[in-house]
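# Understanding the architecture of this molecule
Residues per chain, in single letters:
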Amino acid sequence: MSRTRTSDVLVVGGGIIGLVTAWRAAQRGFATAVVDPEPGDGAARVAAGMLAAVTELHYGEQTLLGLNLDSARRYPDFAAELTDLTGHALGYRRCGTLAVALDADDRAHLRELHALQSRSGLDSEWLTGRECRRLEPMLAPGVRGGLRVDGDHQIDPRRLTGALLAACERAGVTFHRTWAERLDVAADRATGVTTTDGTRLAADRVVLAAGSLSGRLAGVPDAVRPPVRPVKGQVLRLTVPKGLAPFLSRTVRAVVRGSQVYLVPRENGELVVGATSEELGWDTTVTAGGVYELLRDAHELVPGITELPLTETRAGLRPASPDNAPLLGPTALDGLLLATGHGRNGVLLAPVTGDVLGHVLTSGELPDVARDFTPLRFAAVREEQPA
Ligand code: GLY
């Protein structure tokens, strides 16, 4: 016989985005539940945690840039609040980022990025190769120049997840450690979900925050189904042995032969090297080719990395949307909201996502900062498409 549990807000998905949403909802007094077989798992276990609004700027993404910068500005208070509340250190380092070029093509690409950043009013400074190596002596002698961006920082997503879980528990969030199988809809309204064990989780509002799986929940009407697809990223973790001088003092990244590579040094000696970007559906296999390419490109940037122990290899799935921007807030189905589609920026966008969803759950309105990210923008596109 099926059982029914009821809450004001039910969040489907317990990754960083689901957890921050649940935490903010519970803080606002809503009886909140999260449904996820393994809260805290998923892309957050893989992500490097770069807070890189400026160095990850791409052509045509100026609207997203505004949201990314807004969230980056929220990070200091967000991190302090979480740490004060839970006692968890988050590995939040205001270390800055150096984006470098290895050959003439990379240098031209970086010059263009610099021009785009300047036109967008962002702080970044062009450095010669020698100046780059003065900042980061482990860089390869062949580095031709780079961009110093002191405002792009990092956080450890695993620690962030641990803190968000603790914050949710303190705020009274209920965890249902199982899969949501189907969205329940009655009288044109989302009324909860049914789980794989047949339990019905009833709720006034359902927030779909299931990362790359957000488009797969059965029962979601096609007209409101989020257009989110998985983009695979393979990531390596190396360890700088204790006693060895700091390897890198800031995030170092480059585009090598058209592929992004970045090295993110943590204070505890972990060095995260990422990431591939592969459109391979639901595949999360770590491949020899992926590891080879990451190590080859990272080695070209920082030759000394081949001395370091390789301690972990993983692959995760970015939840990508058609315009690379997230879907935040109410859908055309009453009672169903989205917090998904964060693509490459999920960790960066956690603070603003939590605040936006908290606001919209309370007031019914999207705050100004999120108006461009309404899921309704895709409903309009669908209507224009020929049947
Ligand atoms: N934000 C870095 C990545 O998605 O690889």
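Residues numbered from 1 in each chain as written. Predicted model: local features only at pLDDT ≥ 70, side-chain atom pairs only at ≥ 80, totals over all residues. Heavy atoms only, no water.

## Some words on the UniProt feature "domain: FAD dependent oxidoreductase" (unreviewed entry) in the protein chain
- The positions UniProt marks with the feature "domain: FAD dependent oxidoreductase" (unreviewed entry) are residues 8-357.
- For residues 8-357, helix accounts for 27% and strand for 29%, while the C-alpha atoms at its two ends are 14 Å apart. (UniProt positions renumbered as here; feature names shortened; annotations may be inferred. Helix = DSSP H or I, 4+ residues; strand = E, 2+ residues; numbered from the N terminus.)

## Points about the packing of helix H1 (residues 16-27) against helix H7 (residues 350-363)
- Running from N to C, H1 and H7 point in directions that differ by 45 degrees, and their axes come no closer than 8 Å. The pairing of H1 with H7 is recorded here as oblique in orientation. For the element pair H1 and H7, the recorded crossing hand is right-handed. Here H1 contributes Ile16, Ile17, Val20, Thr21, Arg24 and Ala25 to the contact with H7, which in turn contributes Ala350, Thr353, Gly354, Asp355, Leu357, Gly358 and Leu361.
- Per-class residue counts for the contact of H1 with H7 are 7 nonpolar, 4 polar and 2 charged. (Axes fitted to C-alpha atoms, helices over the stretch in contact; angles between N-to-C directions. Parallel < 35°, antiparallel > 145°, perpendicular 65-115°, else oblique. Left-handed = near helix turned anticlockwise from the far one by under 90°. Contact = heavy atoms within 4.5 Å. Nonpolar A, V, L, I, M, F, W, Y, C, P; charged D, E, K, R; others polar.)

## So, the site of the ligand
- The environment of the ligand is formed by Met50, Glu56, Tyr262, Ala275, Arg318 and Arg344.
- For the ligand, an oxygen atom lies 2.7 Å from a polar atom in the side chain of Arg318.
- Between the ligand and Arg344 there is a distance of 2.8 Å, counted from a nitrogen atom to a backbone nitrogen or oxygen.
- If the ligand stood free it would expose 200 Å²; the protein chains cover 87% of that surface.
- Among the residues forming the shell around the ligand, the class breakdown is 3 nonpolar, no polar and 3 charged. (Near = heavy atom within 4 Å. Polar contact = N/O pair within 3.5 Å; in protein donor to acceptor, adjacent residues only side chain to side chain. Areas by Shrake-Rupley, 256 points an atom, 1.4 Å probe, with all protein chains shown as cover.)

## Examining the pairing of strand S12 (residues 229-239)
- Counting buried positions along S12 gives 9 out of 11 residues, so the element sits mostly inside the fold.
- Sheet analysis places S12 next to strand S15 (residues 270-274), joined by 5 bridges and oriented antiparallel. Following the sheet pairing, Leu238 is matched in S15 by Leu271. (Buried < 20%, exposed > 50% of the residue type's maximum accessible area, 1.4 Å probe, protein only. Pairing = 2+ DSSP bridges.)

## Let's talk about the state of the cysteines
- Considering all chains together, one arrives at 0 disulfides under this definition.
- Lacking any disulfide linkage, Cys95 is separated from the closest cysteine sulfur, that of Cys132, by 16 Å.
- Take Cys132: its relative accessible area is 0%, and that puts it in the buried class. (Disulfide = S-S within 2.5 Å.)

## Remarks on the environment of Leu376
- For Leu376, the location among the structural elements is in helix H8 (residues 376-384).
- Expressed as a C-alpha distance, the spacing of Leu376 and Gly87, which sit 289 residues apart in the sequence, is 39 Å.
- Those residues within four positions of Leu376 in sequence are excluded, and the remaining contacts are Pro330, Thr331 and Ala332.

## A word on the nonpolar core
- Counting 49 residues, the largest nonpolar core has Phe78, Leu82, Leu160 and Leu164 as the members making the most contacts within it.
- Of all the elements in the fold, those that place two or more residues in this core are strand S1 (4-12), H1, helix H2 (62-86), helix H5 (157-170), strand S18 (336-340) and H7.
- Sequence-distant contacts of Leu82, that is, excluding residues within four places in its chain, are made with Trp23, Gly87, Leu90, Leu160, Ala163, Leu164 and Ala167.
- Val143, Phe247, Ala254 and Leu271 belong to the second-largest nonpolar core, a separate cluster that totals 26 residues. (Core = buried A, V, L, I, M, F, W, Y, C linked by side-chain atoms within 4.5 Å.)

## Focus on the pattern of salt bridges
- Inspection of the entire model under this criterion finds 25 salt bridges.
- Linking Arg93 and Glu267 is a salt bridge whose minimum nitrogen-to-oxygen distance equals 3.6 Å. Of the two residues, Arg93 is situated in the loop between H2 and strand S4 (97-101) and Glu267 in the loop between strand S14 (259-265) and S15; the sequence distance between them amounts to 174 residues.
- Classification of Arg93 as buried rests on a relative accessible area of 16%. (Salt bridge = Lys/Arg side-chain N within 4 Å of Asp/Glu carboxyl O.)

## Description of the packing of aromatic side chains
- This model, assessed by the stated rule, comprises 3 aromatic pairs.
- Three or more aromatic residues link up through ring pairs in this structure, and these residues are Trp23, Tyr75, Phe78 and Tyr92.
- Here the guanidinium or amino end of Arg111 rests over the ring plane of Trp126, the centre of that ring lying 3.8 Å away. (Phe/Tyr/Trp six-rings, centres within 6.5 Å; stacked < 30°, edge-to-face > 60°. Lys NZ or Arg CZ within 6 Å of the ring centre and 35° of its normal.)

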